[in-house]
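# Survey of secondary and tertiary structure
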Amino acid sequence: VQHYVDYYLFTGNDEFFEKRLKPFLLGCMAFYEDFLSVEKDGVYQLSPTSSPENQLADGAGIAPNATMTIAATKQLLRTMLLLKERLGAGRDDVETWQTMLSKMPPYQVGKNGALKEWAWPGIENREEHRHASHLYPLWFGVDPEIAASAELQEACRVAIDARTAFRRPENGGFMAFGFTQLGIAAAHLGDTRQAYESVEYMVDNYFSPVM
């Protein structure tokens with residue numbers, strides 16, 4: 001969704017909006033209005049969800065409330081509200097989207113001080129992984145919930161450090177796009193040290209004459 005939205009915001013292409021973006025957005029919302037149906041104490045429980053390629057300690061790949069899914073869903077809801085007039089949304093639609101956004105699970109901090117990859121009790125991060133999908137709230141900017149919380153910002157810094165430590169080549173890390181995720185997250189967080197470290201490792205270890 002976000003790539004479509006960015007294209008429209010950059011080009012202002014009305015034909016693209018009407019023929020591609022609007023039907024896509026409304027279709028996505030129809031899915032989420034059905035998917036977000038299970039609640040506990042007024043908060044949605046998102047299930048099933050996954051955090052790409054990573055697993056829980058017991059090897060399972062699916063669990064409730066993956067942080068990436070929470071973040072992407074919040075992003076979609078905020079986009080719907082941003083474009084509500086262009087979408088021709090009525091008062092009922094807007095109230096529905098606002099209510100859905102208010103019921104989304106909050107981000108959580110793990111026992112190690114890092115942003116949790118699953119916002120679910122009993123699930124702690126497996127930091128020995130090349131992805132940093134739980135940092136999705138920092139991929140396109142800074143999620144408003146994180147921007148408003150010094151605690152969550154620090155948890156994101158801890159999460160970046162934890163994945164960077166694993167990904168360092170001397171520790172056996174691999175795949176340049178992992179550093180790309182970490183670097184983008186750090187840059188949007190305004191952490192020049194962490195952003196530079198990601199760029200440095202990419203330049204020193206993942207570029208060759210044939211790439």
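As a starting point, this report considers the structure included with it. Numbers given for residues are sequential positions, taken from 1 along each chain in its written order. Local features in a predicted model are, by the rule used here, given only for residues with pLDDT of at least 70; side-chain atom pairs are given and counted only at 80 or more, and totals for whole chains, interfaces and linings are based on all residues. Hydrogen atoms and water are omitted, and side-chain values are computed over all heavy atoms in the structure.

## Examining the environment of Ala132
Within the secondary structure layout, Ala132 lies in the loop between α5 (91-102) and α6 (144-147). Exposure categories follow from relative accessible area, calculated using a 1.4 Å probe and restricted to protein chains: below 20% of the type maximum is buried, above 50% is exposed, and the middle band is partly exposed. Accessibility expressed as a relative area gives 0% for Ala132, which makes it buried. Excluding residues within four positions of it along the chain, Ala132 makes contact with Trp139, Arg163, Gln181 and Leu182. Helix and strand definitions follow DSSP, with helices as H or I runs of at least four residues and strands as E runs of at least two, each counted in order from the N terminus. Contacts were defined at the residue level, with two residues in contact if any of their heavy atoms lie within 4.5 Å.

## As for the environment of Ala119
With respect to the element layout, Ala119 can be found in the loop between α5 and α6. Since its relative accessible area comes to 3%, Ala119 is described here as buried. The spacing of Ala119 and Gln108 is eleven residues in sequence and 5.5 Å in space, taken between C-alpha atoms. Setting aside chain neighbours within four positions, we find Ala119 in contact with Asn65, Thr67, Ile70, Pro106 and Gln108.

## Regarding the pattern of salt bridges
A side chain of one charge can pair with a side chain of the opposite charge when the charged atoms of the two come close. Basic side-chain nitrogens of Lys or Arg form a salt bridge, by our definition, when they fall within 4 Å of a carboxyl oxygen of Asp or Glu. Across all of its chains, the model carries 13 salt bridges by this definition. A salt bridge links Asp143 to Arg78, with the shortest nitrogen-to-oxygen separation between them at 3.3 Å. Of this pair, Asp143 sits in the loop between α5 and α6 while Arg78 sits in helix α3 (residues 67-82), and the two are 65 residues apart along the sequence. Owing to a relative accessible area of 6%, Asp143 belongs among the buried residues under this scheme. With a closest N to O distance of 3.6 Å, Asp191 and Arg157 form a salt bridge. A residue pair is termed long-range when its members are at least 10 positions apart, and Asp191 in the loop between α8 (176-189) and α9 (192-205) and Arg157 in helix α7 (residues 150-167) qualify at 34 residues. Taken together, the salt bridges that share partners define one network made up of Asp14, Glu18 and Arg86.

## Some remarks on α8
To estimate the expected span of a helix, subtract one from its residue number and multiply by 1.5 Å. Along its 14 residues, α8 runs 20 Å from first to last C-alpha, staying within 8% of the 20 Å computed at 1.5 Å per residue. Taken residue by residue, α8 has Gly178, Phe179, Gln181, Leu182, Gly183, Ala185, Ala186 and Leu189 as its buried positions. Turning to α8, the residues buried within the fold contact α7 and α9. Gly190, located one to two residues past α8, shows a positive phi value of around 80 degrees.

## Section: the packing of α8 against α9
Only the stretch in contact is used when fitting a helix axis, every axis being a line fitted to C-alpha atoms; angles between N-to-C directions are given from 0 to 180 degrees. At a closest axis distance of 7 Å, the pairing of α8 and α9 adopts a crossing angle of 160 degrees. In terms of their interaxial angle, α8 and α9 are classed as roughly antiparallel. Note that α8 runs across α9; the crossing there is left-handed. Residue-level contacts link Ala176, Phe179, Thr180, Leu182, Gly183, Ala186 and Ala187 of α8 to Gln194, Ala195, Ser198, Tyr201 and Met202 of α9. Of the residues in the contact of α8 with α9, the class split is eight nonpolar, four polar and no charged. Should an angle fall under 35 degrees it is taken as roughly parallel, and over 145 as roughly antiparallel, whereas 65 to 115 is taken as roughly perpendicular and any remaining angle as oblique. Note: crossing handedness is left-handed where the near helix turns anticlockwise from the far helix by less than a right angle, and right-handed where it turns clockwise. Side-chain classes follow a simple rule in which Ala, Val, Leu, Ile, Met, Phe, Trp, Tyr, Cys and Pro form the nonpolar group, Asp, Glu, Lys and Arg form the charged group, and the remainder, Gly included, forms the polar group.

The values reported here are purely geometric and, on their own, carry no functional implication.
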